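Coordinates in review
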Amino acid sequence: MAGAERRRGDRVVFDRGFAAHMMGIDGTWRRDCVMEDVSETGAKLTVEGSVEGLHLKEFFLLLSSTGLAYRRCELAWVNGDQIGVNFLKQGDKKRKAAARRGEDAET
């Protein structure tokens, strides 16, 4: 199902890609990448170099050289040197943790 569209919503496809960087949440690793397409909920990235051994459960996608424009991401899928990521929103971690505990995240 690698070729099938998994993402909901409109997406923007970049003809030549958009240069970006991936960085670990703790700052211990960084990789150059090219954003091939993006939507409100996620993106498809082509990663330069190996992703083997990197903690990709959650990381930052840096969209500017200064690091002021970024998105917090989680890995959705891997297909060779391309990966799909879901963008995490501010309260996502709290809601997921509460759901695991069987609680209501709004309380």
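Residues numbered from 1 in each chain as written. Predicted model: local features only at pLDDT ≥ 70, side-chain atom pairs only at ≥ 80, totals over all residues. Heavy atoms only, no water.

Glancing now at the pairing of strand β5 (residues 70-79). Pairing of strand β4 (residues 59-62) with β5 involves four bridges; the strand directions are antiparallel. When the sheet's bridge partners are listed, F59 is paired in β5 with C73. Relative to strand β6 (residues 82-87), β5 runs antiparallel, the two being bridged by six bridges. Paired with C73 across the strands is F87, a residue of β6. The turn joining β5 and β6, which pair antiparallel and follow one another in sequence, is formed by two residues; a positive phi near 65° is taken by G80. (Pairing = 2+ DSSP bridges. Helix = DSSP H or I, 4+ residues; strand = E, 2+ residues; numbered from the N terminus.)

The next subject is the pattern of salt bridges. One pass over the structure, following the stated rule, counts two salt bridges. Taking the shortest distance from any N to any O, the salt bridge between R72 and E58 comes out at 2.5 Å. One end of the pair, R72, is in strand β5; the other, E58, is in the loop between β3 (42-47) and β4, with 14 residues separating them in the sequence. (Salt bridge = Lys/Arg side-chain N within 4 Å of Asp/Glu carboxyl O.)

Take the packing of aromatic side chains next. Scanning the model with the defined rule gives three aromatic pairs in all. With a centroid separation of 5.9 Å and an interplanar angle of 35°, the aromatic rings of F14 and F18 are classed as tilted. Overall, F18 belongs to the partly exposed group, its relative accessible area being 34%. Summarising the aromatic geometry, the rings of W29 and F59 are spaced 6.1 Å apart at their centres and angled 50° between planes, so their arrangement reads as tilted. With W29 in the loop between β1 (11-24) and β2 (30-39) and F59 in strand β4, this residue pair connects regions lying 30 residues apart in the sequence. Here W29 falls in the buried class, since its relative accessible area comes to 10%. For F59, a relative accessible area of 0% puts it in the buried group. (Phe/Tyr/Trp six-rings, centres within 6.5 Å; stacked < 30°, edge-to-face > 60°. Buried < 20%, exposed > 50% of the residue type's maximum accessible area, 1.4 Å probe, protein only.)

In this structure, T46 sits in strand β3. On the basis of relative accessible area, T46 is assigned to the buried category, the value being 15%. At a separation of 2.7 Å, a polar atom in the side chain of T46 contacts the side chain of E36. When neighbours within four sequence positions are excluded, T46 is seen to be in contact with C33, V34, E36, D81 and Q82. (Polar contact = N/O pair within 3.5 Å; in protein donor to acceptor, adjacent residues only side chain to side chain. Contact = heavy atoms within 4.5 Å.)

Considering the arrangement of structural elements, one finds L45 in strand β3. With 12 residues separating them along the chain, L45 and C33 place their C-alpha atoms 6.3 Å apart. Look past the residues within four positions of L45 in its chain and what remains in contact with it is M22, C33, V34, M35, L61, D81, Q82, I83 and V85.

Of all hydrophobic cores here, the largest spans 18 residues; its most connected members are M22, L45, F59, L61 and V85. Listed by contribution, the elements that provide at least two residues to this core are β1, β2, β3, β4 and β6. Apart from the residues lying within four places of it in its own chain, the contact partners of V85 are T41, G42, A43, L45, F59, C73, E74 and A76. (Core = buried A, V, L, I, M, F, W, Y, C linked by side-chain atoms within 4.5 Å.)

So yeah, pure geometry; function would need other evidence.
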